[in-house]
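# Fold and contact review
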Amino acid sequence: MDYFLQNFPQQLVNGLELGSLYALIALGYTLIYGILEMLNFAHGDVYMVGAFLAAGVAGLLVHNEVAVIPAGLAVALMMLVAVGGAGLLGVGIERIAYRPLRNANRLAPLITAIGVSLFLESAVQVWVSPAPVLVPSNALVPQTVLHVASVVTPLTGLALFVAAVALMVALDAFVFRTRFGGAMRATAQDREAATFMGIDVDRVILVTFFVASALAGMGGVLFGLRYASVDFFMGYLLGIKAFTAAVIGGIGNIRGAMIGGLLLGVLESLVGGFISSQFQDTFVFLALITVLLIRPQGLFGQPLTDRA
Amino acid sequence: MVQPRILVLAAIASVGLAACGGGSTPGTAANKPDKVQIAAEGPFTGDQASIGAGALRAIQLAVKDFNKAGGVNGTQVQLLIWDDQHTAQTAQTLQAKGISDPTVLGIVGPMNSGVVLGSIQGLQEASPPLPLVSESASNVKVTDQGNSVAHRVNARDDAQGPADGKFMIDQGAKKVYVMDAKSDYSTGLADQTEKYLKDHNIPTMRDQAKAGQKDFATTIQKIKSFGADWVYFADEGPEAAPFVSQMKAQGLTIGQNIQFLGTDGEEDSSIITASQGSYVGAYATNITADPAGVSGSAAAAYVAAYKAEYGADSIGQAGPFYGSAYEAAQVLLQAIKNSPVKNGKISRADVLSHLGSDSFNTIFGSVKFDSKGDVTGGGIYVYQAKGTQMVVVKQVSG
């Protein structure tokens, strides 16, 4: 019991940091599912490409462990390129791989998505690097380590959590408070009826892909600054975890994805810390199965669209 | 538009056929074989591409160099690339092509112990058996199961595990946190090392990392509460950099309040850069020599040739086995060259018997196999991260 009490706060913090990343990626799955009822399995790889774009910009701006322009500006540029690049990549994928199949049976876009995912992974592996690539975070962000009572975490970890939560709040406001968010929700509910109401559905879908992918790109930047290393395979497992988080929260439900992500991160951290690292993934997917058995629509009840 | 393209293709194909036809007529020399093929097998794409891709480049370079020097009595060796993605099922499918084609004379690889163990039966039962020379499969079972086709140029887990355990004890280890990365290779090795430590009354705690894991916060907290003074991580490498960076960020600095011993992939100097220096002071052992880290002009010339072929920064991405892969290819190619040519054909049975009996000249000096197929005099090399380089600090012969 002593062991538990001594280690619990630290493992909780570890889990929340990890979970905030899951949540950020889970939002992309849920947004796109909400609008199109399709699982964009390439989403984890869009996040990977975002992380590589950020690493590339960082590599250009940092020489011999010193940033050639002010570090804050460098980080801002990384975000701009990664967020913009990932967003455009998402839009491009939608145009090329998904739009022609929008009225095909449900299996077709799913298979295309897996194809896009494999393509992105292989492309980065062959054209960029099969080995992990460094993000020179030492030169870009302060390496301060925070001590609060017995809990230790790097400043970049806290930043990851805070930025992720802020983005989620902003997204929530965008979807539920703005006119365009209204159009998104209308499209999610009934695409045909939305068209009749004068909503440009194609544009809504395009913007949804941009926003979802941009969030993934931002996740890539935050990840790179926290963990300093990116590789072509990083989107695979994280994509599956984020997808799990989205399903646990109730796929299609934005708040559900956020909570699902955080829950999953904490669960993973606590299982690793107090049961065994071997069983981390076992428990993650056990949680998924349990939720699906007891509440097939996910923890947070009514999804955004009730067609699911 | 389609028609001309087909014509061009047909033209190319006929030229190719003509070239092949020229090759199959009996050569001027009576001992010139018609066709010689070998295969490179390993995880060349997928999540283990970081170890496979560099090895493949090394094998391609070895075949190119061998062909430039005249090939097998004037016949150019053709290299087949079998990307097994480190699964035995894929390996079996790929190997089936080689088993049925008698001009496929041997395999450089497979790289992963699990793949060798899952596919060796088919190679052994082929007629004649299809020999393999692995550059990195270290699980003891690879050569202990009595299959004559199995050879390897790297050292074994039961040499490396005790050597690793002894090294830590000699350095004053009191409590060791032992980690593996969930593969036949790393789990087997970590078992050997942990057993050695326990037999010498060193308390250990066992944990696992996942392939591609980046977040180690949970693990690091466990290392702290266990009070370990050494962390032992049996891994091919890609997980080490984020792991040690986060150890430092959470207050465990290598060389100060913690020591670190890694294995094969972790003697890679790119980890020092990738961890932004957090790795400095860490040790790593390898079952094969790093050509850039050993003395000897042949090894140095190879490193220079590799850089010339693939670019100056290619060594950083070459992974841990680019030396042993070249060595294994050299061994197989020489065994083929030493085999007799009868009616324009070389028999796999002869290649196999030459692999067992001959000595081979490699970039690491002369190499010979024992009766099981293990390399004689294979060493365990201990490296340490100093400055921006991994430097050999000790060699333990296995």
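Calculation notes
- The residue numbering used here restarts from 1 in each chain and proceeds along that chain's sequence as written.
- Ligands are numbered from 1 and chains lettered from A, in the order in which they are written.
- The predicted origin of the model limits local features to residues at a pLDDT of at least 70 and limits the giving and counting of side-chain atom pairs to 80 or more, whereas totals for whole chains, interfaces and linings rest on all residues.
- In this text, helices come from DSSP runs of H or I with a minimum length of four residues, and strands from runs of E with a minimum of two, each type numbered from the N-terminal end.
- Here a residue counts as buried when 20 or more other C-beta atoms sit within 10 Å of its C-beta, as exposed when there are 12 or fewer, and as partly exposed otherwise, the C-beta atoms being derived from the backbone.
- Residue pairs qualify as contacts under a 7 Å threshold applied to their C-beta atoms, which are placed from the backbone.
- Definition of nonpolar core: a set of buried Ala, Val, Leu, Ile, Met, Phe, Trp, Tyr and Cys residues joined via C-beta atoms within 7 Å.
- Domain borders in the structure are assigned automatically or taken from a domain database.
- Think of it this way: DSSP has to see at least two bridges between two strands before they count as a pair.
- Only the stretch in contact is used when fitting a helix axis, every axis being a line fitted to C-alpha atoms; angles between N-to-C directions are given from 0 to 180 degrees.
- Residue type decides the class: Asp, Glu, Lys and Arg count as charged, Ala, Val, Leu, Ile, Met, Phe, Trp, Tyr, Cys and Pro as nonpolar, and the leftover types, Gly among them, as polar.
- Handedness rule for crossovers: strands pointing away from the viewer, path from the first strand over the helix to the second running clockwise, crossover right-handed.
- Confidence scores here are pLDDT values: one per residue, from the predictor, ranging 0 to 100.
- Should an angle lie under 35 degrees it is considered roughly parallel, over 145 roughly antiparallel, and from 65 to 115 roughly perpendicular; all remaining angles are considered oblique.
- Less than a right angle of anticlockwise turn of the near helix away from the far helix marks a crossing as left-handed, whereas a clockwise turn marks it as right-handed.
- Under the convention used throughout, the expected extent of a helix is 1.5 Å for every residue step, that is, one less than its residue count.

The next thing to look at is the overall build of chain B. Of the regular secondary structure elements, chain B holds 13 helices and 14 strands. Its C-alpha atoms put chain B at 70 × 55 × 40 Å along the principal axes. Going through the 398 residues of chain B one by one, you find that 56% of them count as buried. Taking the contacts inside chain B whose residues are at least 6 apart along the sequence as the reference set, 73% of them involve residues at least 24 apart.

Core analysis: the biggest nonpolar cluster contains 213 residues, and Ala23 and Leu27 of chain A together with Tyr232 of chain B have the highest contact counts within it. For this core, the element with the most residues is helix H1 (residues 2-36) of chain A, which contributes 16 residues. Among the domains, domain 1 (31-155 + 297-367) and domain 2 (157-286 + 380-397) of chain B are the pair contributing at least three residues each to this core. Each residue touching tyrosine 232 of chain B, except ones within four places of it in the same chain, is listed here: Asp164, Met168, Val176, Tyr177, Val178, Met179, Thr193 and Leu261 of chain B.

Glancing now at the sheet that holds strand S1 (residues 36-42) of chain B. All names here are of chain B. Judged by pairing direction, the sheet is parallel, and its five strands sit side by side in the order S2-S1-S3-S4-S5 without closing on themselves. Across the chains shown, the open sheet's two edge strands, defined by having one partner strand only, are strand S2 (77-83) and strand S5 (150-152). Across this sheet, the average inter-strand angle for adjacent strands is 25°, counted without regard to direction. Across seven bridges, S1 lies against S2 in parallel orientation. Note on S2: the bridge partner recorded for valine 36 is valine 77.

Another point: the domain arrangement of chain B. Residue and element names in this part refer to chain B. Assigned domains within chain B: domain 1 (31-155 + 297-367) and domain 2 (157-286 + 380-397). Spacing between the C-alpha centres of domain 1 and domain 2 amounts to 30 Å. Between domain 1 and domain 2, the residue contacts involve 15 residues of the former and 21 residues of the latter. Elements supplying a minimum of two residues to the side of domain 1 that touches domain 2: helix H2 (49-68) and helix H4 (113-125). If you tally residues by element for the side of domain 1 that touches domain 2, the top one is H4, at three residues. Tallied by class, the residues present in the side of domain 1 that touches domain 2 amount to five nonpolar, nine polar and one charged.

Residues and elements named next belong to chain B. Of the two faces of strand S9 (residues 259-262), both are covered, the one formed by Gln259 and Leu261 as well as the one formed by Phe260 and Gly262. Looking at chain direction, strand S8 (residues 230-233) and S9 are connected through four bridges and run parallel. Its bridge partner lying in S9, phenylalanine 233 is registered against glycine 262. In this fold, the crossover linking S8 to S9 by way of helix H9 (residues 240-249) has right-handed handedness. Note that S9 and strand S10 (residues 283-286) share two bridges and pair parallel. What sits directly across from glycine 262, in S10, is alanine 284.

The next thing to look at is the pairing of strand S6 (residues 176-180) of chain B. All names here are of chain B. Within S6, five of the five residues are buried, which leaves the element mostly enclosed by the surrounding structure. What you see with S6 is no split at all: Val176, Val178 and Asp180 on one side and Tyr177 and Met179 on the other are buried throughout. Direction of pairing for S6 relative to strand S7 (residues 204-208): parallel, over a ladder of five bridges. Within S7, the residue paired with methionine 179 across the bridge is aspartate 207. Between the parallel elements S6 and S7, the chain passes through helix H7 (residues 184-199) in a crossover that is right-handed. Relative to S8, S6 is paired through four bridges, and the arrangement is parallel. Bridge pairing links valine 178 to tyrosine 232 in S8.

A few words now on the confidence of the model for chain A. Across chain A, the average pLDDT comes to 90, with 97% of residues at 70 or higher. When the criterion is pLDDT under 50, residues 303-308 of chain A qualifies, and its contacts beyond four places in sequence or with other chains add up to 20 contacts.

Attention shifts here to the interface of chain A and chain B. Listed by partner, the interface residues are 31 residues for chain A and 28 residues for chain B. Contributing elements (two or more residues each) for the side of chain A that touches chain B: H1, helix H4 (107-127), strand S5 (151-154), helix H9 (234-249) and helix H10 (254-274) of chain A. Considering each element in turn, the side of chain A that touches chain B owes the most residues, seven residues, to H1 of chain A. The class makeup of the residues in the side of chain A that touches chain B is 15 nonpolar, 15 polar and one charged.

Our next topic: the packing of H1 of chain A against helix H8 (residues 217-226) of chain B. Look at H1 of chain A against H8 of chain B: their axes get within 9 Å of each other, and the N-to-C directions meet at 155°. The orientation of H1 of chain A with respect to H8 of chain B, classified from their angle, is roughly antiparallel. For the pair H1 of chain A and H8 of chain B, the sense of crossing is right-handed. On the side of H1 of chain A, the interface is formed by Tyr3, Gln6, Asn7, Gln10, Gln11 and Asn14 of chain A, while H8 of chain B contributes Ala217, Thr218, Gln221 and Ser225 of chain B. Its residues assigned to classes, the contact of H1 of chain A with H8 of chain B shows two nonpolar, eight polar and no charged.

A word on helix H5 (residues 155-177) of chain A. Residues and elements named next belong to chain A. Counted at 1.5 Å a residue, the expected span for H5 with its 23 residues is 33 Å, and the 32 Å between its end C-alpha atoms agrees. Every buried residue of H5 is listed here: Thr156, Gly157, Leu160, Phe161, Ala164, Leu167, Met168, Leu171 and Val175. Elements in contact with the buried residues of H5: H1, S5, helix H6 (179-189), helix H8 (201-227) and H10.

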